[in-house]
Amino acid sequence: MSDSPNLALVRRLYDSGMAPDVVAEVVHPDVVWDITPGFPYGGVYKTWAGVSGDFFGRLAPRFTSFSAVAEDFYDAGEHVFVHGHYHAVSKSGQESDARFIHLWTVTDGRLTHLIQAADSHVVQQAANN
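The rules behind each value
- Residues numbered from 1 in each chain as written.
- Predicted model: local features only at pLDDT ≥ 70, side-chain atom pairs only at ≥ 80, totals over all residues.
- Heavy atoms only, no water.
- Helix = DSSP H or I, 4+ residues; strand = E, 2+ residues; numbered from the N terminus.
- Buried < 20%, exposed > 50% of the residue type's maximum accessible area, 1.4 Å probe, protein only.
- Arc of directions from axis to C-beta.
- Contact = heavy atoms within 4.5 Å.
- Pairing = 2+ DSSP bridges.
- Axes fitted to C-alpha atoms, helices over the stretch in contact; angles between N-to-C directions.
- Salt bridge = Lys/Arg side-chain N within 4 Å of Asp/Glu carboxyl O.
- Polar contact = N/O pair within 3.5 Å; in protein donor to acceptor, adjacent residues only side chain to side chain.

1. Section: the overall build of the chain
Next up, step 1: For the chain, the count of helices and strands is four helices and six strands.
Next up, step 2: When the helices and strands of the chain are listed from N to C terminus, the series reads α-α-β-β-α-β-β-β-β-α.
Next up, step 3: C-alpha atoms of the chain, sized along the principal axes, occupy 40 × 30 × 25 Å.
Next up, step 4: The proportion of buried residues among the 129 residues of the chain is 36%.

So, in structure tokens, the structure goes:
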């Protein structure tokens, strides 16, 4: 069975590793990015410019590498759920994995809203090493 168009869109984002050209195609410029409280820089970010600068721009420098590894995708019509884990390498070289659930909203073929829930404690510890 092949992926629905919405699931394929979300899968493409994860498979690309957030490649800038793919992000530009699939993420709506006015996306709402809701990061769970307790996660480093948790909060609600509006617009991709805000997400990339205010969230990823502050998070990325705290790690040598940080990636979202999708394990399972669930199609729910205009919503797609992704279960996976973040893999991080701290500045001191310590590796860690933290589980996440992402709920995406797809509108007119673009990703317009993300709600993230994650094991914030593990990520906070990794960010402080």
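Here the narrative resumes.
2. Examining helix α4 (residues 120–127)
Next up, step 1: What α4 keeps buried is the set Ser120, Val123, Ala126 and Ala127. One side of α4 holds all its buried residues, which, seen down the axis, span an arc of 130 degrees.
Next up, step 2: Turning to α4, the residues buried within the fold contact β3 (63–76), β4 (79–90), β5 (95–107) and β6 (110–118).

3. Quick look at the sheet that holds β6
Next up, step 1: Spatial strand order, β2-β1-β6-β5-β4-β3: six strands in an open sheet with mixed pairing. One side of each edge strand has no neighbouring strand; the edge strands of this open sheet are β2 (43–46) and β3. Between one strand axis and the next, the sheet turns by 20 degrees as a mean value, whatever way the strands run.
Next up, step 2: Pairing geometry for β3 and β4, over 12 bridges, is antiparallel. Note on β4: the bridge partner recorded for alanine 76 is histidine 79.

4. Here we look at the pattern of salt bridges
Next up, step 1: For the structure shown, the criterion picks out two salt bridges.
Next up, step 2: The closest approach of N and O atoms between aspartate 3 and arginine 11, which form a salt bridge, is 2.7 Å.
Next up, step 3: Look at arginine 11 and you get partly exposed, because its relative accessible area is 27%.
Next up, step 4: Close ionic contact of glutamate 25 with arginine 12 constitutes a salt bridge, the shortest N to O distance being 2.7 Å. Remark: arginine 12 occurs in helix α1 (residues 5–15) and glutamate 25 occurs in helix α2 (residues 20–26); sequence separation between them is 13 residues.
Next up, step 5: Judged by relative accessible area, glutamate 25 falls into the partly exposed class, the value being 45%.

5. Let's talk about unusual backbone geometry
Next up, step 1: We note that methionine 18 has phi near 65 degrees; this positive angle belongs to a residue other than glycine.
Next up, step 2: Looking at where methionine 18 falls in the secondary structure, it is placed in the loop between α1 and α2.
Next up, step 3: A relative accessible area of 30% places methionine 18 in the partly exposed class.
Next up, step 4: Residues other than glycine seldom take positive phi values, yet threonine 47 does so here, at roughly 85 degrees.

6. Some words on the side chain of histidine 85
Next up, step 1: Structurally, histidine 85 is set in strand β4.
Next up, step 2: One polar contact links histidine 85 to glutamate 71, side chain to side chain, over a distance of 2.4 Å.
Next up, step 3: With residues up to four places along the chain from it excluded, the contact list for histidine 85 reads Ser67, Ala68, Val69, Glu71, Asp97, Ala98, Arg99 and Phe100.

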